[in-house]
Amino acid sequence: MSSTNILTLFFIILTLWNSVVICSRLLETSLTEKHELWMKEHGKFYKDVAEKQKRFEIFKENVEFIESFYDSAFNLSINQFADQTNEEFKASLNGNKKPLRIETETETEFRYENVTEVPATMDWRERGAVTPIKNQYDCGSCWAFATVAAIEGIHQISTGKLVSLSEQELVDCVKGNSYGCSGGYSEDAYEFIVKKGGIASESKYPYKGADKKCNIKKGAYSVAKIKGYEKVPINNEKELLKAVANQPVVVYIEGGERAFRYYSSGIFKRKCGTDLDHAVTIVGYGISEDGVKYWIIKNSWGIKWGEKGYARMERDIHSKQGLCGLAMNPTYPIA
Ligand SMILES: *[C@@H]1O[C@H](CO)[C@@H](O)[C@H](O)[C@H]1NC(C)=O
Ligand SMILES: *[C@@H]1O[C@H](CO)[C@@H](O)[C@H](O)[C@H]1NC(C)=O
């Protein structure tokens, strides 16, 4: 190769390199802007520049994941969780930082065991048994939200009145194996409400998103009572269907799956684990035009997540645990 050729080659490489650098810088700028806009939209503030830089890097990686993701059944979006790592997100779901301990051995009566006819579809929202979507914010209180949604449901079904009930009372006052924002169990919550003789309304005992002292005075305004709770026979979506046909049901799931965290629409159907770390309420079921059966899930991550706060998750899957383990420990309150 002559020296002119080498020189030309050198210039070509230099030019290409420059354009690569410029391109990635442009990309960076638009991502920085995206991050700024996203911070505004979700009211995020960082304590200093270092923290902001760190969060930006995580945001970038998550955005890359979301934008490169494709599944014909459902979509993802860049939601409020986009500046957290997977580990942080999983830890925030369940403050215990370990999978929920599920007592699958203990069985209870199952009042829907002899149910033979169930409607083809059910949506408790249409029947006025579901309050608007709530947000647990930065507190591992999913268990309180899931329990409350199920009690709001059975209260409306049995009395005709839809009353928003207090998660904060459960966060503050339920003991046993439950630790407020550090995670807890629906079973503890039911037992607390039975013992106390009811649960306060949301308006009398409003949500704070943090652990507070149990307020007996506010708790004295019990508006909804339950007699107890029952478990659906485990790992059996057919039995689960009988229960959901009659009332909203609390289920534990693995909620830490990255695609679930950014789910925005469609039917969530995908390989998912069974390390139960989240609680949600099943408020109905249906079947899509192309024949995919699904559950309607009420979540507590605000209305910017999922289908205005709800998700449709595939029903009757091959694995008997159900998608993300949803059939592993369903419970429902008894009015
Ligand atoms: C279901 O049917 C069986 C057999 O008739 C009966 O023994 C059982 O009590 C019924 N269960 C409920 C919850 O009604
Ligand atoms: C995904 O988003 C696209 C574009 O908004 C939309 O047309 C499509 O229906 C969505 N798919 C699902 C399964 O929701």
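This is a predicted model, so every value here is computed, not measured.

Novice: Sorry if this is basic, but what is going on with the environment of Cys 142 here?
Specialist: With respect to the element layout, Cys 142 can be found in helix α4 (residues 142–159). With relative accessibility at 5%, the residue Cys 142 sits in the buried group. Sequence-wise, Cys 142 and Tyr 252 are 110 residues apart; in three dimensions their C-alpha atoms are separated by 9.7 Å. When residues no more than four places from it in sequence are discounted, the contact partners of Cys 142 are Leu 93, Gln 136, His 278, Ala 279 and Ser 300.

Novice: Help me understand the site of ligand 1 in this model?
Specialist: Ligand 1 sits among Arg 111, Glu 113 and Asn 114. Within the contact set of ligand 1, a nitrogen atom lies 2.8 Å away from a side-chain nitrogen or oxygen of Glu 113. In the environment of ligand 1, an oxygen atom lies 2.4 Å from a nitrogen or oxygen atom belonging to the side chain of Asn 114. The fraction of the free accessible surface of ligand 1 (360 Å²) that becomes covered by protein chains is 33%.

Novice: Please explain the pattern of salt bridges as it appears in this structure.
Specialist: Oppositely charged side chains may form a pair once their charged atoms are brought near each other. In the structure shown here, the tally under the stated rule is 19 salt bridges. The salt bridge involving Glu 152 is made with Lys 134; its shortest N-O contact spans 2.8 Å. With Glu 152 in helix α4 and Lys 134 in the loop between β2 (122–123) and α4, this residue pair connects regions lying 18 residues apart in the sequence. In this structure, the salt-bridge partner of Glu 239 is Lys 242, at a minimum N-O distance of 3.2 Å. Separated by 3 residues within a single helix, Glu 239 and Lys 242 lie in helix α8 (residues 237–244), roughly one turn from each other. Like Glu 239, the residue Lys 242 is buried in the burial classification. One salt-bridge network, held together by shared partners, links Lys 47, Glu 51, Arg 55 and Glu 88.

Novice: Looking at this structure, how should I read the site of ligand 2?
Specialist: Neighbouring ligand 2 are Ala 73, Phe 74, Asn 75, Ser 265 and Gly 266. At 2.3 Å, a side-chain N or O of Asn 75 approaches an oxygen atom of ligand 2. When isolated, ligand 2 has an accessible area of 360 Å², and the protein chains bury 33% of it. Secondary-structure elements contributing two or more residues to the shell around ligand 2 are β1 (74–76) and β7 (263–268).

Novice: Could you clarify how one ought to interpret the side chain of Lys 242 in this entry?
Specialist: For Lys 242, a relative accessible area of 14% puts it in the buried group. Each residue touching Lys 242, except ones within four places of it in the same chain, is listed here: Phe 110, Tyr 112, Glu 113, Val 115 and Val 118.

Novice: Before we go on, may I ask you to explain the domain arrangement of the protein chain in this structure?
Specialist: Many descriptions give the size of an interface as the accessible area lost when the pieces come together. By domain assignment, the protein chain separates into domain 1 (3–72) and domain 2 (75–334). Contacts between the two partners involve 17 residues from domain 1 and, on the opposite side, 18 residues from domain 2. Both faces combined, the contact of domain 1 with domain 2 buries some 1600 Å², and carbon together with sulfur accounts for 57% of it. Here domain 1 is connected to domain 2 by 3 salt bridges. Linking Glu 88 and Arg 55 is a salt bridge whose minimum nitrogen-to-oxygen distance equals 2.8 Å. Across the contact surface, domain 1 and domain 2 share 10 residue pairs in polar contact (both at pLDDT 80 or more). When residues in the side of domain 1 that touches domain 2 are grouped by element, the largest group, 9 residues, is from helix α2 (residues 49–68). Its residues placed into classes, the side of domain 1 that touches domain 2 shows 8 nonpolar, 2 polar and 7 charged.

Novice: Mind showing me how you'd approach the packing of aromatic side chains here?
Specialist: Two aromatic rings are characterised by how far apart their centres lie and by the angle between their planes. Applying the stated criterion across every chain yields a total of 21 aromatic pairs. With 4.8 Å between their ring centres and 80° between their planes, Phe 145 and Tyr 207 make a pair best called edge-to-face. Pair noted here: Phe 145 is in helix α4 and Tyr 207 is in the loop between β3 (199–200) and α7 (216–219), with a separation of 62 residues, a long-range link. On the accessibility criterion, Phe 145 (6% relative accessible area) is buried. By relative accessible area, Tyr 207 is classed as buried at 18%. Chaining the aromatic ring pairs together yields one cluster made of Phe 65, Phe 69, Phe 74, Phe 81, Phe 89, Phe 260, Tyr 263, Phe 268, Trp 301 and Trp 305. The ring centre of Tyr 310 lies 4.4 Å from the NZ or CZ of Arg 125, which sits over that ring. Of note, Lys 204 hangs over the ring of Tyr 221, and the distance from its end group to the ring centre comes to 4.6 Å.

Novice: Before we go on, may I ask you to explain the UniProt feature "domain: Cathepsin propeptide inhibitor" (unreviewed entry) in the protein chain in this structure?
Specialist: Within this structure's numbering, the places UniProt gives as "domain: Cathepsin propeptide inhibitor" (unreviewed entry) are residues 35–89. Helix makes up 56% of residues 35–89 and strand 5%, whereas the separation of the span's terminal C-alpha atoms amounts to 18 Å.

Novice: What should I look at first to understand the nonpolar core in this one?
Specialist: Here is a general trend for soluble globular proteins: nonpolar side chains tend to be buried in one another's company. Core analysis: the largest hydrophobic core is formed by 59 residues, its most contacted members being Phe 268, Trp 295 and Leu 326. Of the residues forming this core, the biggest block, 5 residues, is contributed by α2. Viewed by domain, this core spans two of them, domain 1 (3–72) and domain 2 (75–334), each represented by three or more residues.

Criteria and cut-off values
Residues numbered from 1 in each chain as written. Chains lettered and ligands numbered in written order. Predicted model: local features only at pLDDT ≥ 70, side-chain atom pairs only at ≥ 80, totals over all residues. Heavy atoms only, no water. Helix = DSSP H or I, 4+ residues; strand = E, 2+ residues; numbered from the N terminus. Buried < 20%, exposed > 50% of the residue type's maximum accessible area, 1.4 Å probe, protein only. Contact = heavy atoms within 4.5 Å. Near = heavy atom within 4 Å. Polar contact = N/O pair within 3.5 Å; in protein donor to acceptor, adjacent residues only side chain to side chain. Areas by Shrake-Rupley, 256 points an atom, 1.4 Å probe, with all protein chains shown as cover. Salt bridge = Lys/Arg side-chain N within 4 Å of Asp/Glu carboxyl O. Domains from an automatic or database assignment. Buried area = accessible area lost by both parts, 1.4 Å probe. Nonpolar A, V, L, I, M, F, W, Y, C, P; charged D, E, K, R; others polar. Phe/Tyr/Trp six-rings, centres within 6.5 Å; stacked < 30°, edge-to-face > 60°. Lys NZ or Arg CZ within 6 Å of the ring centre and 35° of its normal. UniProt positions renumbered as here; feature names shortened; annotations may be inferred. Core = buried A, V, L, I, M, F, W, Y, C linked by side-chain atoms within 4.5 Å.

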